[in-house]
Amino acid sequence: MNQSVFDDPRITAVGLLVEAHAGLSARFAAQFDEHGLSPVEFEVLTRLARSPGNQLRMTDLAAQTSLSTSGVTRVVDRMERDGLLTRRACPSDRRSSYAVVTATGLKRLDEVLPGHLRIIEEWFTGQLEPEALNALLDGLRRVRDAVHPGATAGSTDPLPTGHTAPAGRC
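One structure accompanies this document, and this report is about it. All of these numbers come straight from a predicted model, not from anything done at the bench.

1. Looking at the nonpolar core
Judged by nonpolar contacts, the single largest core of 23 residues is most densely connected at L45, L48, L61 and L85. The set of elements that each furnish at least two residues to this core consists of α1 (9-34), α2 (39-49), α3 (58-64), α4 (69-81), β3 (97-101) and α5 (103-123). Setting aside residues no more than four positions away along its own chain, L85 makes contact with V44, L45, L48, V76, M79, E80, V100, V101 and T102.

Written out as structure tokens, the structure is:
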């Protein structure tokens with residue numbers, strides 16, 4: 001095999017991305033564990049808290065995460081037992097339901113986020129000049145949208161709290 005293929009910047013780019021992700025993930029996991037959360041539970045709480053009404057359809061939550069629909073169901077079941085989430089039926093489609101962050105879930109996020117942001121600043125964003133960070137964010141969004149087009153499913157077109165979705169919206 002031609003050794004120069006391993007010097008290809010495409011291989012270097014993916015390798016660096018994987019190494020950076022692994023290093024950050026290990027730091028995040030230890031910090032989440034201190035607060036009784038797994039990385040996937042933190043991701044679910046964060047995605048819901050950042051969504052309109054602190055809620056997402058279960059199918060949209062699956063599309064935004066690396067979980068299958070059955071995987072999301074299992075995680076939401078566990079988090080619901082822990083009081084971090086609740087489910088709300090979709091009034092216009094009995095087959096659909098929403099996962100909604102509870103006050104307890106938001107409180108847990110409030111406890112986790114200061115340490116999480118310190119880790120992000122120390123080991124990621126603080127390593128980059130503002131221009132480099134903006135360029136990286138732009139590039140990552142483009143790559144994310146290409147490889148995971150459902151990553152923002154349900155995050156737009158907010159439904160005001162207390163309002164029901166029109167038929168077919170759920």
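2. What about the layout of surface pockets?
Of the volumes computed, that of the largest pocket is approximately 2300 Å³. Taken together, 40 residues line the largest pocket, and the ones lying closest to its centre are H21, R47, F124, L140 and R144. With 11 residues, α1 is the largest single contributor of residues to the lining of the largest pocket. When the residues that make up the lining of the largest pocket are grouped by side-chain class, the tally is 22 nonpolar, 13 polar and 5 charged.

3. Quick word on the pairing of β3
In terms of burial, β3 is a largely internal element, 4 of the 5 residues being buried. Of the strand pairs in this sheet, strand β1 (residues 55-57) and β3 are connected by 3 bridges, and their pairing is antiparallel. Residue pairing in the sheet places R57 in a bridge with Y98 of β3. By the bridge criterion, 5 bridges tie strand β2 (residues 85-89) to β3 in an arrangement that is antiparallel. Within the sheet, the bridge partner assigned to A89 lies in β3 and is S97.

Definitions and limits used
- Residues numbered from 1 in each chain as written.
- Predicted model: local features only at pLDDT ≥ 70, side-chain atom pairs only at ≥ 80, totals over all residues.
- Heavy atoms only, no water.
- Core = buried A, V, L, I, M, F, W, Y, C linked by side-chain atoms within 4.5 Å.
- Buried < 20%, exposed > 50% of the residue type's maximum accessible area, 1.4 Å probe, protein only.
- Helix = DSSP H or I, 4+ residues; strand = E, 2+ residues; numbered from the N terminus.
- Contact = heavy atoms within 4.5 Å.
- 1 Å grid on protein atoms, 1.4 Å probe; cavity = no way out; pocket = protein on both sides within 12 Å on 5 of 7 lines; lining within 4 Å.
- Points joined across faces, edges and corners; volume = space filled by probe spheres on them.
- Nonpolar A, V, L, I, M, F, W, Y, C, P; charged D, E, K, R; others polar.
- Pairing = 2+ DSSP bridges.

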